[in-house]
Amino acid sequence: EFYHTESLQYLSQSTAAGYVKKATARLEEETKRSTALQLPATTEGPLLHILQTEWIERHARTLVDMEATGFRALLLDDRHNEMLAMYDLFVRVPQSVDYLRDALAETIKACGKQLIADQETGQSDPPAFVRGVLELREKHETIVQESFRGEKKTIKRLRESFEDFLNADARAASCLAVYVDELLRVGLRGATEEQINSELEKVIVVFRYLNDKDVFESFYKQHLAKRLLANKSVSDDAERAMVSLLKAECGYQFTTKLEGMFNDMR
């Protein structure tokens, strides 16, 4: 009764981060008291279960959705330490972590749909769309590693969220091909080998999310033909590096036609 009342009272008066701090302190205090009083395991276990139920399970959803300070708000503001504290609290009641994973997935999908909408209304071009996807992924990849401690279930949700919005729009594959074309024509000019490999690896990350990889290959082939015939590539090494990465992802059959084009030019 005491913890039921206290947790409700604290929830109504505090921010989500303040509540998490108080809940974590309460759990640690009760654990220390159990040790100091030498409570038997048959008492300590149920006692801690009561705390986890009253402080975490009952209010998990509210802590995620709280206006301005809940987990969704923390996601948008990149407040990694506060998100980590909430994850470390929720992980004591494993099913509660689903609320955090759901919030992460929904945020990514909403941002992804906005990127698609911006392109449809002409507010951004295909390369800008892909740059937006890469920035979105980099941001949330960091959140997963730092605030979810690189948890495998969350990594899976991250991947599924990107696959969801990218494959909802048939133009994503063509946008990626246009982005690579821009990179290999002008974007990588003057770049070191390390920088080239780094930028191309980012392309492959988005490429992995696409279900319709043949559509990308078709557009890529058209752009490659124009670059080769007009001698517009930043370097042959960069072109071959990209084809090698695609070959590693999809096998030699996927890149046979592309490699044949290099042979034709030679």
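Within each chain, residues carry numbers counting from 1 in the order of the written sequence. Local features in this predicted model are restricted to residues whose pLDDT is 70 or higher, and side-chain atom pairs enter the listing and the counts only when it is 80 or higher, whereas totals over whole chains, interfaces and linings include all residues. Remark: hydrogens and water are excluded; side-chain values derive from all non-hydrogen atoms of the structure.

## Overview of the packing of aromatic side chains
Stage number 1. Only Phe, Tyr and Trp rings take part, Trp by its six-membered ring, and two of them pair if their centres are within 6.5 Å. Stacked means planes under 30 degrees apart, edge-to-face means over 60, and tilted covers everything else. Under the criterion given, the structure shown has 9 aromatic pairs.
Stage number 2. A ring pair is formed by Phe162 and Phe165, whose centres lie 5.5 Å apart and whose planes are at 50°; its orientation type is tilted. Of this pair, Phe162 and Phe165 both sit in helix 9 (residues 152–166), 3 residues apart, roughly one helical turn.
Stage number 3. We classify Phe165 as buried; its relative accessible area is 1%.
Stage number 4. Clustering of aromatic rings is evident, with ring pairs tying together Phe207, Phe216, Tyr220 and Phe254.
Stage number 5. A cation over a ring is seen here: Lys213 above Phe207, with NZ or CZ 5.4 Å from the ring centre.
Stage number 6. Above the plane of the ring of Phe262 lies Arg240, whose end atom (NZ or CZ) is 4.6 Å from the centre. For the purposes of this entry, the term helix denotes a DSSP run of H or I that reaches at least four residues, the term strand denotes a run of E that reaches at least two, and both are numbered from the N terminus. Here's how the labels work: a residue is buried when its accessible area is under 20% of the maximum for its type, exposed when over 50%, partly exposed in between, all with a 1.4 Å probe on protein chains only. The rule is short: NZ of Lys or CZ of Arg within 6 Å of the ring centre and within 35 degrees of the ring normal puts a charge over the ring.

## Re the layout of surface pockets
Stage number 1. Only protein atoms enter the 1 Å grid used here, on which a cavity is any set of points holding a 1.4 Å probe that cannot leave and a pocket is any open set flanked by protein within 12 Å on both sides along at least five of seven lines; residues with an atom within 4 Å of a point are listed as lining. Grid points are joined across faces, edges and corners, and a volume is the space filled by probe spheres set on the points. Looking at the largest pocket, its volume works out to about 160 Å³.
Stage number 2. Lining the largest pocket are Arg227, Leu228, Asn231, Lys232, Ser233, Ser235, Asp236, Arg240, Phe262, Met265 and Arg266.
Stage number 3. Elements with a minimum of two residues in the lining of the largest pocket: helix 12 (213–230), helix 13 (236–250) and helix 14 (252–265).
Stage number 4. Only Asp, Glu, Lys and Arg are considered charged, only Ala, Val, Leu, Ile, Met, Phe, Trp, Tyr, Cys and Pro nonpolar, and every remaining residue, Gly among them, polar. Residues of the lining of the largest pocket, tallied by class, amount to 3 nonpolar, 3 polar and 5 charged.

## With respect to helix 2 (residues 16–36)
Stage number 1. Its 21 residues give helix 2 an end-to-end C-alpha distance of 30 Å, which sits within 8% of 30 Å, the value for a rise of 1.5 Å per residue.
Stage number 2. Listed in full, the buried residues belonging to helix 2 are Ala16, Tyr19, Val20, Ala23, Arg26, Leu27, Glu30 and Ser34. One side of helix 2 holds all its buried residues, which, seen down the axis, span an arc of 125°. In helix 2, the exposed positions angled more than 90 degrees off the buried face are occupied by Lys21, Lys32, Thr35 and Ala36.
Stage number 3. Tucked into the core, helix 2 has its buried residues touching helix 1 (2–13), helix 3 (41–56), helix 4 (60–65) and helix 6 (80–90).
Stage number 4. Of the residues trailing helix 2, Gln38 is marked for its positive phi of about 55°. To estimate the expected span of a helix, count its residues, drop one, and scale the result by 1.5 Å. Directions from the helix axis toward the C-beta atoms define the arc. When checking whether two residues touch, look at their non-hydrogen atoms; a contact exists if any pair is within 4.5 Å.

## Points about the pattern of salt bridges
Stage number 1. Any Lys or Arg side-chain nitrogen located within 4 Å of an Asp or Glu carboxyl oxygen qualifies as a salt bridge. Counting across every chain of the model gives 26 salt bridges.
Stage number 2. We note a salt bridge from Arg149 to Asp88, for which the minimum N-O separation is 2.7 Å. In this pair, Arg149 is assigned in the loop between helix 8 (126–147) and helix 9 and Asp88 in helix 6, connecting sequence segments 61 residues apart.
Stage number 3. Take Arg149: its relative accessible area is 53%, and that puts it in the exposed class.

## Looking at empty space enclosed by the protein
Stage number 1. Counted by the stated rule, this structure contains 1 cavity of 30 Å³ or more.
Stage number 2. Considering only enclosed or pocket space, the largest cavity measures out at about 30 Å³ in volume.
Stage number 3. Taken together, Phe129, Val130, Val133, Leu166, Ala172, Leu176, Val206 and Leu210 make up the full set of residues lining the largest cavity.
Stage number 4. Those elements that provide at least two residues to the lining of the largest cavity are helix 8 and helix 10 (172–187).
Stage number 5. Looking at side-chain class alone, the lining of the largest cavity contains 8 nonpolar, no polar and no charged residues.

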